[in-house]
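# Results of the structural survey
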Amino acid sequence: MLYFYIKRNFCQLNHIINYTLLSRYLSSTNNLINHNEIRIWSHSLRELLYHGKPEEVLKQYHNRQLSLCHLSVQIYCILFKAYTLTKNWSEGHQLYTQIRTNKKFFNDQRLQIATEKILSDLIASLSLSINPHHIDPTAFSILMTGYNLHHQPEKTLIIFDRVQYPDAISYLLVFQACSQLKDLQQGKRLVNKLAQSNIDLRKQFKLQTALFDMYGKCGDVSNAENIFETIENPTIVHYNSLLKVYNNKKMYEKAFQLYDKLKQNQKNLKPDQITFTCILYSTAKMMYLDRCQEILNDLNSSTIHLNNHPILQINLINALGKCGDIITAQKIFDQITQERTTGIYNALMKGYIYAQKPLIALSIFDKIPKLDAISYLIAINACAQIAMLRRARILYEQILCHFPSYKEDIRIMNALIDMFGKCADVTTAQHLFDSIENKHIISYNALINAYGLNGNGVKALEIYNSLLTPDEQTYAIILNACSHSLLVNEAEQIFDSIPMKCRNVFIYATMIDALCRASKMNQAQNLLAEYEQTNNKYPSMYITLLTAYARLQNINKVIEIRNLIEQYFPDNFHYISSATILLANTHAFLGNMTEARRLRTLAAEKNKLSGISKLPGISWTETYDGQIHEFIAHDKRHERTEDIYEELKHISDKLNKDGHISDQRWITSDHYLNESNDPLNSHSERLALAYQLLLRRTISSNEPIQITKNLRICGDCHEIFKRITHIYQGLIILARDRTRHHKFQQGKCSCNDYF
Ligand SMILES: [Zn+2]
Ligand SMILES: [Zn+2]
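Not measured: the values here are computed from a predicted model. (Residues numbered from 1 in each chain as written. Chains lettered and ligands numbered in written order. Predicted model: local features only at pLDDT ≥ 70, side-chain atom pairs only at ≥ 80, totals over all residues. Heavy atoms only, no water.)

### Focus: the coordination of the zinc ion (ligand 1)
Applicable threshold: For Na, K and Ca the donor cutoff is 3.2 Å, while for all other metals N, O and S atoms count as donors only within 2.8 Å; water does not appear among the atoms, so some sites may look incomplete. Strands here are runs of E lasting at least two residues and helices are runs of H or I lasting at least four, both read from the DSSP assignment and numbered beginning at the N terminus. We call a residue buried when its accessible area falls under 20% of the maximum for its residue type, exposed when it is over 50%, and partly exposed in between, using a 1.4 Å probe and counting protein chains only.
In this structure, H683 (ND1), C714 (SG) and C717 (SG) serve as the protein donors to the zinc ion (ligand 1), at separations of 2.0 to 2.2 Å. All donors of the zinc ion (ligand 1) come from a single chain, and their spacing in sequence reads H-x30-C-x2-C. Of the two residues, H683 is situated in the loop between α37 (641-657) and α38 (684-698) and C717 in helix α39 (residues 715-727); the sequence distance between them amounts to 34 residues. Grouping residues by exposure puts H683 and C717 together as buried.

### Details of the pattern of salt bridges
Rule in force here: Salt bridge, as applied in this entry: a Lys or Arg side-chain nitrogen positioned within 4 Å of an Asp or Glu carboxyl oxygen.
Throughout the structure, instances matching the rule amount to 33 salt bridges. Here R637 makes a salt bridge to D635, at a shortest N to O gap of 2.9 Å. The exposure class assigned to D635 is buried, which follows from its relative accessible area of 6%. Each of D260, K263, R291, E294 and D298 takes part in salt bridges that share partners, so that together they form one network.

### Observations regarding helix α32 (residues 521-534)
For clarity, the threshold we go by: Arc definition: directions from the helix axis to the C-beta atoms. Whether two residues are in contact is decided by their heavy atoms, any of which lying within 4.5 Å being enough.
Among the residues of α32, M521, A524, L527, L528 and Y531 are the ones counted as buried. Viewed along the axis of α32, the buried residues span an arc of 125°, placing them on a single side of the element. Away from the buried face of α32 by more than 90 degrees, exposed residues N522, N526, Q533 and T534 are located. For α32, the elements touching its buried residues are α30 (488-497), α31 (505-517) and α33 (539-551).

### Considerations on the sheet that holds strand β3 (residues 705-709)
Rules: By this definition, two strands are paired if DSSP reports at least two bridges between them.
Sheet architecture is open: six strands sit in the order β2-β1-β3-β4-β5-β6, paired in mixed fashion. The outermost strands of the open sheet, each flanked by one partner alone, are β2 (628-632) and β6 (748-749).

### Brief notes about the packing of helix α25 (residues 410-422) against helix α26 (residues 426-434)
Threshold: Note on definitions: angles span 0 to 180 degrees between N-to-C directions of axes, and those axes are lines fitted to C-alpha atoms, for helices only across the stretch in contact. Note on angle classes: values under 35 degrees are labelled roughly parallel, values over 145 roughly antiparallel, values of 65 to 115 roughly perpendicular, and the remainder oblique. A crossing counts as left-handed when the near helix is turned anticlockwise from the far one by less than a right angle, and as right-handed when that turn is clockwise.
Running from N to C, α25 and α26 cross one another at 165°; their axes reach a closest spacing of 7 Å. As judged from the angle between their axes, α25 and α26 are roughly antiparallel. As for the relative orientation of α25 and α26, their crossing is left-handed in sense. Side by side, α25 and α26 meet where M413, L416, I417, F420 and G421 of the first sit next to V426, T428, A429, L432 and F433 of the second.

### Description of the coordination of the zinc ion (ligand 2)
At 2.0 to 2.2 Å from the zinc ion (ligand 2) lie its protein donor atoms, namely H718 (NE2), H742 (ND1), C749 (SG) and C751 (SG). Along the chain, the residues donating to the zinc ion (ligand 2) are arranged with the sequence spacing H-x23-H-x6-C-x1-C. Taken together, the residues H718 in helix α39 and C749 in strand β6 connect sequence positions 31 residues apart. Judged by its relative accessible area of 2%, H718 is buried.

### Section: the side chain of E225
Structurally, E225 can be placed in helix α14 (residues 221-230). Those residues in contact with E225 that lie beyond four places of it in its chain are L242, Y246 and K254.

### A look at unusual backbone geometry
With a phi close to 60°, N268 is a non-glycine residue in the positive phi region. Relative to the assigned elements, N268 resides in the loop between α16 (252-263) and α17 (273-286). Owing to a relative accessible area of 59%, N268 belongs among the exposed residues under this scheme. Phi angles above zero are rare outside glycine, and H634 is one such case at about 60°. Mapped onto the fold, H634 is located in the loop between β2 and α37.

### Thoughts on helix α34 (residues 555-568)
Here is the rule we go by: Here the expected length of a helix is defined as 1.5 Å per residue gap, with one fewer gap than residues.
Over its 14 residues, α34 extends 20 Å from the first C-alpha to the last, a length consistent with the 20 Å expected when each residue adds 1.5 Å. Listing the buried residues of α34 in full gives I555, V558, I561, R562 and I565. Angular distribution of buried residues about the axis of α34 spans 130°; they occupy a single face of the element. Looking at α34, the residues exposed on the side facing more than 90 degrees away from the buried face are N556 and Q567.

### Section: the environment of I628
Mapped onto the elements, I628 comes out in strand β2. It is 8.4 Å that separates the C-alpha atoms of I628 and R391, two residues lying 237 residues apart in sequence. Excluding anything up to four places from it in sequence, I628 contacts L359, I386, M388, R391, W620, T621 and E622.

### Side note on the nonpolar core
Inclusion rule: Working definition of a nonpolar core: buried Ala, Val, Leu, Ile, Met, Phe, Trp, Tyr and Cys residues. They are joined through side-chain atoms within 4.5 Å. Where each domain begins and ends is defined by an automated method or by a domain database.
Grouped together as the largest cluster of nonpolar side chains are 168 residues, with contacts concentrated most on F175, I317, L416, M419, F420, I478 and I565. Looking at which element gives the most residues to this core, the answer is helix α23 (residues 373-386), with ten residues. Among the domains, domain 1 (537-614) and domain 2 (618-749) are the pair contributing at least three residues each to this core. Not counting the four nearest positions on each side in its chain, L416 is found in contact with I380, Y396, I399, Y406 and L432. Listed in part, the 28 residues of the second largest apolar core include I705, I713, I724 and L731.

### Focus: the packing of aromatic side chains
The condition that has to hold: Put simply, two rings from Phe, Tyr or Trp (the six-membered ring, in Trp's case) pair if the centres are within 6.5 Å, and we call them stacked under 30 degrees between planes, edge-to-face over 60, tilted for the rest.
This structure, assessed with the given rule, holds 18 aromatic pairs. Residues F160 and Y171 carry aromatic rings whose centres are separated by 5.1 Å and whose planes lie at 65° to one another, so their mutual orientation is edge-to-face. A residue pair is termed long-range when its members are at least 10 positions apart, and F160 in helix α10 (residues 153-162) and Y171 in helix α11 (residues 168-181) qualify at eleven residues. Comparing F160 with Y171 shows no difference in burial state: the two are buried.

Following this line, the structure appears as structure tokens:
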């Protein structure tokens, strides 16, 4: 396209092009040519070339006036040779640009060699030119176009500097080169040069666009915005480019502002599929459900047919899934009538993972016709979420069989290490780690985390100490590992060794958590104050302090910090609600049940008003037949619900006999208090345990019971899990919750009650 632009402006200067046009008018046309004729013709052209008559070859070609798709690769190679021999660079170049955009020929290696030859000859001929002042400016433009097309932008810059009086087209080409190089410094130098020329940028729409593109690709947001503002009638392409810039720079709020501006424009400019793709990307990043629904409405009322745009489908399903609307995501998926791409399946799987429904994600995985690396990656994440070792091993076997190149994909290897770590199989995690040839820091982080999760802080430290260049994530992971293994002194030493510039919010948050776990409350508060000297307040740090004071039953501090949370983060209903529940639980611990009830009701009402739905507790457990069963709190969906609740009663009786008194302090909502059963009794992890014990009445097993919970295990369930392994001799329960693993055995837990 660019070439035609050049040609339109300069053809009067170029006698070669004029000659071409003339010869075309004079020639006889013959468009009907069959395969056999082409072969014979190709042969005769080659003969002509062989006998030193390239002009005749070109003449014959022009007389035919054939469209691109009619000719064979052989003929094009002959033509390029003829152009080279006749030094007819510009026409050769014209044909070259046409072929580049033609799918049939684009990837043909013979043609690539032939076209490269003409370009290099062209370049050589110009660099040999005696006096650059006398070079036809068109030649410079063609040359720069050639370099840009051949991804050699640095040479475009060299040529540009040889042009004495660059015109608008030369600037356009050189800005394109700067875009390719992402070289803002050079770009700015040339903008200064442009300002001193007599070219009026405001009148040069294409030049403005090239400059705007350059700022965008170089990530200079403010200059890109300035140019955007000066463009008199920006097109949808300009809007889309700016949206891409904002997304690249993670400035999603700005993207929304621009989208609103676009919707309010007076020029009847409509968002196209690229606009929707970009803005859905921003929506997914920000997880704004209301935005997502608004965009979906806009999309539905536009003329765009989703079926024709697989990339848009992926972005839409991905955004809906991330914003928590998996039902609509599934609906969109079901409505797709043409063949679904793997990317679309992957987006839906991811949605189910966000929705904490890894079992459905895995069932989609089984239906994907053509699995790609991303599909495997998401399936590994799903298995890591369920953390059932048998299922994880089945997936690993499948990868070994059907995706043998997995070892070369570092993302897959890291995800596998993470998965086995979460399934408490650190041996396999270590084995996978050892098999990685070029270990990336992410692999180290995954392995350190695996040991940390399994309560082996010493081994985590050993790997950490062997690292020469830990990154910010390593610091947060090792601090967390130390914290969960009660290695607080080691954590403090590591924290002090972290360079100031690396100490991000997560590192501070993890260190505060480590100090809180060790009941070093003064140090924790001091560290919080230190962090806030130079940073904004971060709500989850306050929740960490509050949780620790609640555990220490320091009611005054709990009240103080809950009030601070309400004062500092008045719009964050989620944290205020969590804080209120923690305060209610502390009151309950101290026997003040009336106040506890009042606060729980208050939290529930506030949640209702703000539309927050509490994330339900979900537990998964795998039975001897390889089936994975899912339970939510107070669940009655299972086919053996009656038997399960009967078993729960049986367990309760045994626990009562053992002296256990249900710990009402762990009740987080009064919603289920009216029921005859104890609400703690039907927590998801306990339902999963009851189902496993029920099965063992008929089929005995020595294997440990595995249970995974998406949230933190509650204190009362933790207590009864311990007691049960004492009552049922030889029983081992492996429970993984959001933060760590617990191995219950002989009435004790591997976490030493610190979770
Ligand atoms: Zn519980
Ligand atoms: Zn434990």
